[in-house]
Amino acid sequence: MIVAKAVKMAEMMSVPIVGMVENMSYFRCPDNGKDYQIFGESHIGEIADAYHIPLIVKLPIDPELARACDRGTIELFEGDWLDALADAIIVFENLDRRNENA
């Protein structure tokens, strides 16, 4: 329901949607390396498909990631979760520039 409202609002405002990011998707246990879905099974893939929006990344619950965000130093965080999002934004920016020059 929340996603539907956000998608509709973006469409009404002509704001393009680059992709979906699921925050707090899972927790990786530092003791055994297993991923646990604390909030239950994710349905983000189905939602992304229903709205024809690419699923870019599922972010884990990670105290270090949260601290980096709180400190405003997320760009210094050692992790690859946001690489796919950064790549998608670059592709989108390049497409947008081409459309402006057309």
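Residues numbered from 1 in each chain as written. Predicted model: local features only at pLDDT ≥ 70, side-chain atom pairs only at ≥ 80, totals over all residues. Heavy atoms only, no water.

The residue Gly 40 is located in the loop between strand 2 (35–36) and helix 2 (44–50) in this model. Taking relative accessible area as the criterion, Gly 40 reaches 34% and is therefore assigned partly exposed. Along the primary structure Gly 40 and Cys 69 are separated by 29 residues, whereas in three dimensions their C-alpha atoms are 24 Å apart. (Helix = DSSP H or I, 4+ residues; strand = E, 2+ residues; numbered from the N terminus. Buried < 20%, exposed > 50% of the residue type's maximum accessible area, 1.4 Å probe, protein only.)

Turning to helix 1 (residues 2–12), its buried residues are Ala 4, Val 7 and Ala 10. Angularly, the buried residues of helix 1 cover 130 degrees about the axis, an arc narrow enough to put them on a single face. Among the exposed residues of helix 1, those pointing more than 90 degrees away from its buried face are Ile 2, Lys 5, Lys 8 and Met 12. Just past helix 1, the residue Ser 14 takes up positive phi, approximately 55 degrees. (Arc of directions from axis to C-beta.)

This brings us to a nonpolar patch on the surface. There is a patch of nonpolar side chains on the surface, built from Met 9, Met 12, Met 13 and Val 15 and spanning about 470 Å² of accessible area. Examined against the element boundaries, Met 9 turns out to sit in helix 1. (Patch = residues over 30% accessible without salt bridge, like charges linked within 9 Å, V, L, I, M, F, W, Y side chains within 5 Å. Areas by Shrake-Rupley, 256 points an atom, 1.4 Å probe, with all protein chains shown as cover. Salt bridge = Lys/Arg side-chain N within 4 Å of Asp/Glu carboxyl O.)

This part covers the sheet that holds strand 1 (residues 20–28). Overall, mixed pairing links the three strands, which are arranged 2-1-3 in an open sheet. Each edge of the open sheet carries a strand with a single partner, namely strand 2 and strand 3 (55–61). Where strand 1 meets strand 3, five bridges bridge the pair, whose relative direction is parallel. Its bridge partner being in strand 3, Phe 27 is matched across the sheet by Ile 61. (Pairing = 2+ DSSP bridges.)

Next up on the list: the confidence of the model for the protein. Per-residue pLDDT for the protein has a mean of 86; in total, 96% of the residues score no lower than 70. When mean pLDDT is compared element by element in the protein, strand 2 scores highest at 94, while helix 4 (residues 83–101) scores lowest at 76. (pLDDT = per-residue confidence, 0-100.)

Inspection of the entire model under this criterion finds two salt bridges. Here Arg 28 and Asp 35 are joined by a salt bridge, their closest N and O atoms 2.7 Å apart. Residue Glu 64 is joined to Arg 67 by a salt bridge in which the shortest nitrogen-to-oxygen separation is 2.5 Å. Within this pair, Glu 64 and its partner Arg 67 are both found in helix 3 (residues 63–71), separated by three residues, close to a single helical turn.

Now for helix 3. Regarding helix 3, its N-cap is Asp 62, as a side-chain oxygen of that residue lies 2.8 Å from the backbone nitrogen of Glu 64 further along. Once helix 3 finishes, Gly 72 follows within two positions and takes phi at roughly 75 degrees, a positive value. (Polar contact = N/O pair within 3.5 Å; in protein donor to acceptor, adjacent residues only side chain to side chain.)

Structurally, Ser 42 can be placed in the loop between strand 2 and helix 2. With a relative accessible area of 16%, Ser 42 lands in the buried category. A polar side-chain atom of Ser 42 sits 3.2 Å from the main-chain amide nitrogen of Ile 44. Each residue touching Ser 42, except ones within four places of it in the same chain, is listed here: Glu 22, Gln 37 and Lys 58. (Contact = heavy atoms within 4.5 Å.)

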